[in-house]
Amino acid sequence: MPYAKEWFRSHEMEYISIVMHEHCAHRCMSQLGRLSAVQFTDLTPRLTAFQRRFIGEVQRCDEMDRKLQFFDNMLQKYEIEPRQSPQVSLFLDKLESRNRESTHTSMLDELESLIDERERELQELNNFRVNLRSDYNSQVELRYVLERSREFFDEADPETRAATSASVGAGVETGGLGAQQRLDGLRFHFITGTILQEERTHFERMVFRSTRGNCLMKFSEIETPIEDISGGEVKKFVFIIFYQAPYVQVKVKRICDAFSANLYEIPDLDDISSYEARLTNVHNEIEDRDRVLQKNKIDITSLLNDLSKWLEVWKWTVSREKSIYHTLNHFAADVKGVLRAEGWVIAEKKRDVQICIYDVHESMSRGTGSGRAGQLPSSVTTLPQSQWPAMPPTFFETNKFTDVYQLIVDTYGVPRYQEANPALFTVITFPFLFGVMFGDMGHGILLFTSSCFIISKEKQLGAMKLDEMTAVLYSGRYMLILMGLFSFYCGFIYNDYFSMGLRLFTPTWEVPECHEPNCTSTVQFVSTGDVYPAGVDPTWHHAENGLLFFNSVKMKMSVIFGVTQMTLGLCLKLANGIHFKERLDIWFEAVPQIIFMLSLFGYMCFIIIYKWLVPWGGNCGRANCNPPSLITTLINIALSPGVVAQDQQLYEGQGTVQLVLLLVAVIQVPLMLIPKPYYLVKRMNAHHGGSGRHSSVDDPMLDDGSQQIVLDGLDPSGRADSLPDADHGGDHEEHSAGDIWIHQGIETIEFCLGCISNTASYLRLWALSLAHSQLGTVFLEKALLDFIVVDGALGPIMAFIGYGAFAGVTFAVLMVMDNLECFLHALRLHWVEFQNKFFKADGVKFTPLDFEAVLEGRQQA
């Protein structure tokens, strides 16, 4: 199983130094980005972003990115879908072949020029459309103002119209924003315009208050919404304000400006000919602008259709170039014309990296480039561990099946370099524990078929832009199919099919016939003496003590599963100690913890299984045929060592066995508590000349209980993970001998108490399984069976309604809510109860220069 072996421990890493000619750097990164094998280290951390060597190219890419985003926004505005993106690998192949024919600078210049040209054309068309739309809206509003103002005038009383006519005949001046009328000391003015619907109330109140009621306001709603320059629709009101005093005019205009009201100049309302001419002119203007707007829209749509064919390709090209220049900014220019890079490389791909660098320099020195590359040969050298800047990053190669499980583990924390990977075991344990809680054959079939449907549409869904919920289901499709299978399997063991027991085999309980007149309605089951072939006998679903039976079985199964998984975690801790050759961790942590766990909790599982195998009751062939209480037995192990009452005895010599196991478990506590800190303090004192006061103990080593003294950048075993972290300046905390003793004491107490609390935590398997079963039973009885028993003509109708209610509540509560609940509890059992036995989760994820990850959005450019 080579894949399982590679997934169990991360790939081996090496730290390399690359020297390349500056003229070849871009081509080298183009090749390395396809290999996805090198994670480069920033060799110029003290330089700001604007002091970097290739900041100009990065800014150019950012500017092109901004313009492409503008194109994307315009496509969305006009509801034009971009052309489907090609496969990333095919795109990169075509781009690489094009780069061989021209230099990267000429390609970037050509792309930048093309994007600038398209942006300029689109901006011109868009600006013209904005101005044209603004003029068009003004003419439309003016048309409504003319029409509604005339309506206001016609609705006025005859005396007002007569006064208006007389004032006009007396030579009243008209013009501006309204009409002014004079009558020997009496003047009338009006202002017309439009205001937003939501501003009407505030506007009316403000005008009334500022003029102290010395004006008359009329409003009329424009029924047809007006399209604004941003593409949305707004509703407006036409208003006309009559006033007398000149000072009111100034106030009203200021208020109109404050509320962004549009004011319009209209002719004298009494001059019918001028009014009709103006209205006709406005109609003609609206028609002309509408034709120009339609032509402008056609031009913009045509340009956007052309852009939609290349938008994704341009985005990918810019993202690729941006990632290259970001990487080049991490390099150091120690010598003019030469760049030096350092980084982590996957050991098995180091040879490919060397060949790549050599081939690029060789090809460009033969004349494919400028010919200058041959002046300085390239080099790829491996640095010794003493020069490694930090703990190597962690890299696991996953596929579409295993990726979701690795994501679950990485969400909690990335495994340390070469540490045992919990994801390898999570593939089976996670869906299995989920199935224990969600166990039901019917619900398992629904979950399985749903995931099969998603897998069948894998290619179509993978090419679509999915919403958040659908994307989560799509990414976990292969985990869901296992969750469905294990739910079906556990449901088969529980003999639950939508909370109904199925007669899959001949039951081992029967109901004897009773012909006596004193027979009761209570059913008395009698055992046939046989054993049900697989799973739970369906008779238990109808028994009065069925709930007690299922409680007992599921609770004990939960304890067995929990102890088994925690023991697996301790075995992985032992495997880590053997792999890293940490003798203190092996003999004074892993081994004592395994013995402690098996002596007490392993023995608890043994007596559970032993009690299941013994035929209690009746003539069992034992002195005591009454099953003992396991809780009492476990309590008496500590309270009454070596003493087992006759009615509590499971087997001969039980007291002696329990006393020995208790003593063995107690002996492990000082073994976990004393030897390891003693040897660490002794080694620390020897290193510091016996002073014993303080030592530079590396924090990561202290965290995992393997406190190794840092000697000149390396721990005594030569492990690389003891090296200072370059990202944190390589600093170490000062720890005294007392800190080491306290730390080990806390670790020991936490483990001993955690064995109890973690075992109890696995009882959630029983609780969730019971809740799922009981909820299913309630829904079955109340939502379906109660409707089916209805007689008469309403029977089929009620059955249809009941089935719909049953299906709806089953989907909403059990298939969605309870599904998510079981998922979260299974997640907690893995993160807390299982992984805390061996998993430190302080690793750094390997993030190489990877064009495919950048273009697919899995890595930032």
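Below, the structure is looked at part by part. (Residues numbered from 1 in each chain as written. Predicted model: local features only at pLDDT ≥ 70, side-chain atom pairs only at ≥ 80, totals over all residues. Heavy atoms only, no water.)

Attention now goes to the overall build of the protein chain. In terms of regular secondary structure, the protein chain is built from 27 helices and 16 strands. The buried share of the protein chain, reckoned over its 861 residues, is 45%. Taking all contacts inside the protein chain whose residues are at least 6 apart in sequence as the whole, residues at least 24 apart take part in 78%. When the accessible surface of the protein chain is split by element, carbon and sulfur atoms take 57% of a total near 43,700 Å². (Helix = DSSP H or I, 4+ residues; strand = E, 2+ residues; numbered from the N terminus. Buried < 20%, exposed > 50% of the residue type's maximum accessible area, 1.4 Å probe, protein only. Contact = heavy atoms within 4.5 Å. Areas by Shrake-Rupley, 256 points an atom, 1.4 Å probe, with all protein chains shown as cover.)

Here we take up the side chain of Q654. Checked against the element boundaries, Q654 lands in helix 21 (residues 654-673). A distance of 2.6 Å separates a polar side-chain atom of Q654 from the backbone nitrogen of L650. Contact partners of Q654, with chain neighbours within four places excluded, come to Y603, T633, V644, Q648 and Q649. (Polar contact = N/O pair within 3.5 Å; in protein donor to acceptor, adjacent residues only side chain to side chain.)

Together, L673, I674, Y678, Y679 and W741 make up a nonpolar patch on the protein surface, roughly 460 Å² of accessible area in all. You can see W741 is positioned in helix 24 (residues 737-761). (Patch = residues over 30% accessible without salt bridge, like charges linked within 9 Å, V, L, I, M, F, W, Y side chains within 5 Å. Salt bridge = Lys/Arg side-chain N within 4 Å of Asp/Glu carboxyl O.)

Okay, unusual backbone geometry next. One non-glycine residue, R212, lies in the positive phi region at around 55°. Classification of R212 as exposed rests on a relative accessible area of 76%.

Our next topic: the side chain of E458. By the element assignment, E458 lies in helix 15 (residues 458-462). E458 sits in the buried class, given a relative accessible area of 15%. Not counting the four nearest positions on each side in its chain, E458 is found in contact with K400, Y474, R477 and Y478.

So, on to the packing of helix 13 (residues 423-438) against helix 25 (residues 764-788). At a minimum axis separation of 6 Å, helix 13 and helix 25 run at an interaxial angle of 45°. Compared by their axis directions, helix 13 and helix 25 come out oblique. From helix 13, L433, V436, M437 and F438 reach across to helix 25, where they touch R764, L765, L768, S769 and H772. Among the residues making up the contact of helix 13 with helix 25, the classes are represented as six nonpolar, two polar and one charged. (Axes fitted to C-alpha atoms, helices over the stretch in contact; angles between N-to-C directions. Parallel < 35°, antiparallel > 145°, perpendicular 65-115°, else oblique. Nonpolar A, V, L, I, M, F, W, Y, C, P; charged D, E, K, R; others polar.)

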